[in-house]
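Topology and contacts: notes
Residue-level listing of the chains:
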Amino acid sequence: MTRISHIELDDRNLPPPTPEIEQERKVAIYDLLEDNSFALPARDDRTVPDGPYHLQLSIRDKRLVFDIATEAAEKAAEFHLSLGPFRQVVKDYFQICESYFNAVKTLPPSQIETIDMARRGIHNEGSRVLQERLEGKADVDTDTARRLFTLICVLHFGG
């Protein structure tokens, strides 16, 4: 099976998230576990352990770490991605989310919709960057990349 069945964020050394960030995190994890596509490609004639997979996401030494295990807790893969390519899109995403959360409190629906469209566009850009960075390491569909990008933002917020 090519999917993630369990996900854990290693946020031990991060400040506590805001209520909005915590809500984003819960929704992203729930949606990700409900429906995702995650496969490890064959590399260097090594056998790739079958999924479903357990994924632990963390930030270590200013790098995003994907630590992947099988359901039997056997190491399947680990890879580290530079956070550099994500910095601007994460910053933009947080700014537009802040605008969105503020708009929901005071603006009419038409203006909220405009901000939400911009938020979705930035979110799509983040998922595209993630898919590019994962090329050759893991195969994910667009919806899975979007949900993983949300979790990267949650970790990035604390880091």
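Residues numbered from 1 in each chain as written. Predicted model: local features only at pLDDT ≥ 70, side-chain atom pairs only at ≥ 80, totals over all residues. Heavy atoms only, no water.

Structural notes on the packing of helix α2 (residues 84–106) against helix α3 (residues 109–134)
Their axes nearest at 9 Å, the elements α2 and α3 cross at an angle of 160°. Overall, the two elements α2 and α3 adopt an arrangement that is roughly antiparallel. Between α2 and α3 lies a crossing whose hand is left-handed. Two secondary-structure elements touch here, α2 through P85, F86, V89, D92, Y93, I96, C97, S99, Y100, A103 and V104 and α3 through I112, I115, D116, A118, R119, I122, H123, E125, G126, V129, L130 and R133. (Axes fitted to C-alpha atoms, helices over the stretch in contact; angles between N-to-C directions. Helix = DSSP H or I, 4+ residues; strand = E, 2+ residues; numbered from the N terminus. Parallel < 35°, antiparallel > 145°, perpendicular 65-115°, else oblique. Left-handed = near helix turned anticlockwise from the far one by under 90°. Contact = heavy atoms within 4.5 Å.)

Focus on the side chain of R25
By the element assignment, R25 lies in helix α1 (residues 19–34). Classification of R25 as buried rests on a relative accessible area of 15%. Leave out the neighbours within four places in its chain, and R25 touches L9, D11, L151 and V154. (Buried < 20%, exposed > 50% of the residue type's maximum accessible area, 1.4 Å probe, protein only.)

Comments concerning the sheet that holds strand β3 (residues 53–60)
Reading across from one edge, β1-β3-β4-β5 is the order of the four strands in this open sheet, with mixed pairing throughout. Two strands bound the open sheet, and with one partner strand each, they are β1 (4–10) and β5 (75–82). Taken over all neighbouring pairs, the strand axes of this sheet differ in orientation by 15° on average, direction set aside. With eight bridges connecting them, β3 and strand β4 (residues 63–70) associate as antiparallel partners. Bridging across to β4, Y53 finds its partner in T70. Running over the sheet, α3 touches β4 and β5 and is turned about 120° from β5. (Pairing = 2+ DSSP bridges.)

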